[in-house]
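Next come the chains, spelled out residue by residue.
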Amino acid sequence: MSTDLAKLIRERRSIKNGYTDQAVPTELVKELLRDAVWAPNHGLREPWRFIYVPTEEKAEFVEKLVKTFPAEMQENRRAYFSSPAAFLIVIMEEDPRQKQWDENFGAIGALIQNFQLLAWERQLGVVWKTNPHIYDPKVRQLLGVQPGEKIAGFLHLGYFNEIPKARARTAIEEKLTVYEGERE
């Protein structure tokens, strides 16, 4: 038996290009985040904060962002960053303790998946990007990322006309081991 949630999980796609010019309303992003933050997170640390670049501010932001790249890459990056209608940048609190750092990153992943599923329900496309610029000190400075914080990724947002085809997944039987305890 397939539930609506299972159907949503199976049908959601990362939208990497083909965005329309339709603006992404700030209120919609807030609404999606209000639900997405219900992701599991150890100790209710809520190790996240967000920077939203709305459609109306995107062109100015992209110009500042491309200036962080070497001159020979700027035109390519301008075209790349001009495709989505808006950006949601996810910032994670880092913890010097490895266990807590891992838990925080797991919580970020759960939150982003929640956001992607909620957006998909509203016909808003999302792709989570972790390109090298998220580690660039100039990009961190542009965004006001503080010591003890990590850019977990840029979520590219936009409405779209075509749904990409699903790519096959490996059969679970190839990935699952069932522990059977000790045998005599």
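Report follows, based on the coordinates.

So, how was this worked out
- Residues numbered from 1 in each chain as written.
- Predicted model: local features only at pLDDT ≥ 70, side-chain atom pairs only at ≥ 80, totals over all residues.
- Heavy atoms only, no water.
- Helix = DSSP H or I, 4+ residues; strand = E, 2+ residues; numbered from the N terminus.
- Buried < 20%, exposed > 50% of the residue type's maximum accessible area, 1.4 Å probe, protein only.
- 1 Å grid on protein atoms, 1.4 Å probe; cavity = no way out; pocket = protein on both sides within 12 Å on 5 of 7 lines; lining within 4 Å.
- Points joined across faces, edges and corners; volume = space filled by probe spheres on them.
- Nonpolar A, V, L, I, M, F, W, Y, C, P; charged D, E, K, R; others polar.
- Phe/Tyr/Trp six-rings, centres within 6.5 Å; stacked < 30°, edge-to-face > 60°.
- Arc of directions from axis to C-beta.
- Contact = heavy atoms within 4.5 Å.
- Patch = residues over 30% accessible without salt bridge, like charges linked within 9 Å, V, L, I, M, F, W, Y side chains within 5 Å.
- Areas by Shrake-Rupley, 256 points an atom, 1.4 Å probe, with all protein chains shown as cover.
- Salt bridge = Lys/Arg side-chain N within 4 Å of Asp/Glu carboxyl O.
- Axes fitted to C-alpha atoms, helices over the stretch in contact; angles between N-to-C directions.
- Parallel < 35°, antiparallel > 145°, perpendicular 65-115°, else oblique.
- Left-handed = near helix turned anticlockwise from the far one by under 90°.

## Quick notes on unusual backbone geometry
For step 1, the next point in the chain: At Leu-44, a position not held by glycine, the phi torsion is positive, near 50 degrees.
For step 2, the next point in the chain: Note that Leu-44 resides in the loop between helix 2 (26–36) and strand 1 (48–53).
For step 3, the next point in the chain: In this structure Leu-44 comes out as exposed when scored by relative accessible area, which is 65%.
For step 4, the next point in the chain: Unusually for a residue other than glycine, Gln-123 sits at a positive phi of about 60 degrees.
For step 5, the next point in the chain: Along the chain, Gln-123 turns up in the loop between helix 5 (98–121) and strand 3 (125–129).

## Notes on the layout of surface pockets
For step 1, the next point in the chain: In this structure, the largest pocket encloses a volume near 620 Å³.
For step 2, the next point in the chain: Broken down by secondary-structure element, the contributors of at least two residues to the lining of the largest pocket are helix 1 (4–11), helix 5 and strand 3.
For step 3, the next point in the chain: Of the residues that constitute the lining of the largest pocket, the class distribution is six nonpolar, six polar and eight charged.

## What about the packing of aromatic side chains?
We describe a pair of aromatic rings using the distance from one ring centre to the other and the angle between the two ring planes.
For step 1, the next point in the chain: Under the counting rule described, the total for this entry stands at eight aromatic pairs.
For step 2, the next point in the chain: Judged by centre distance (6.0 Å) and plane angle (70 degrees), the rings of Phe-81 and Phe-87 are edge-to-face.
For step 3, the next point in the chain: You can call Phe-87 buried: its relative accessible area is 0%.
For step 4, the next point in the chain: Here Trp-101 and Phe-105 contribute two aromatic rings whose centre-to-centre distance is 5.6 Å and whose plane-to-plane angle is 15 degrees, an arrangement assigned as stacked.

## A word on helix 2
One turn of the α-helix equals 3.6 residues, which is why residues spaced by three or four share an orientation.
For step 1, the next point in the chain: Among all positions of helix 2, only Leu-28, Val-29, Leu-32, Leu-33 and Ala-36 are buried. Taken around the axis of helix 2, the buried residues stretch over an arc of 135 degrees, which confines them to a single face.
For step 2, the next point in the chain: In the core, the buried residues of helix 2 are packed alongside strand 1, strand 2 (86–93), helix 5 and strand 4 (149–158).

## Details of a nonpolar patch on the surface
For step 1, the next point in the chain: A contiguous nonpolar patch, built from Ile-172, Leu-176 and Val-178 and spanning about 300 Å² of accessible area, is present on the exposed surface.
For step 2, the next point in the chain: Positionally, Ile-172 belongs in the segment after strand 4.

## A short note on the packing of helix 2 against helix 5
For step 1, the next point in the chain: Where helix 2 contacts helix 5, the two axes come as close as 9 Å, and the packing angle between them is 130 degrees. Relative to helix 5, the element helix 2 lies oblique. Like other packed secondary-structure pairs, helix 2 and helix 5 cross with a definite hand, here right-handed. Contacts between helix 2 and helix 5 pair Val-29, Leu-32, Leu-33, Asp-35 and Ala-36 from the former with Leu-111, Asn-114, Phe-115, Leu-118 and Ala-119 from the latter.

That's the geometry; what it means functionally is another story.
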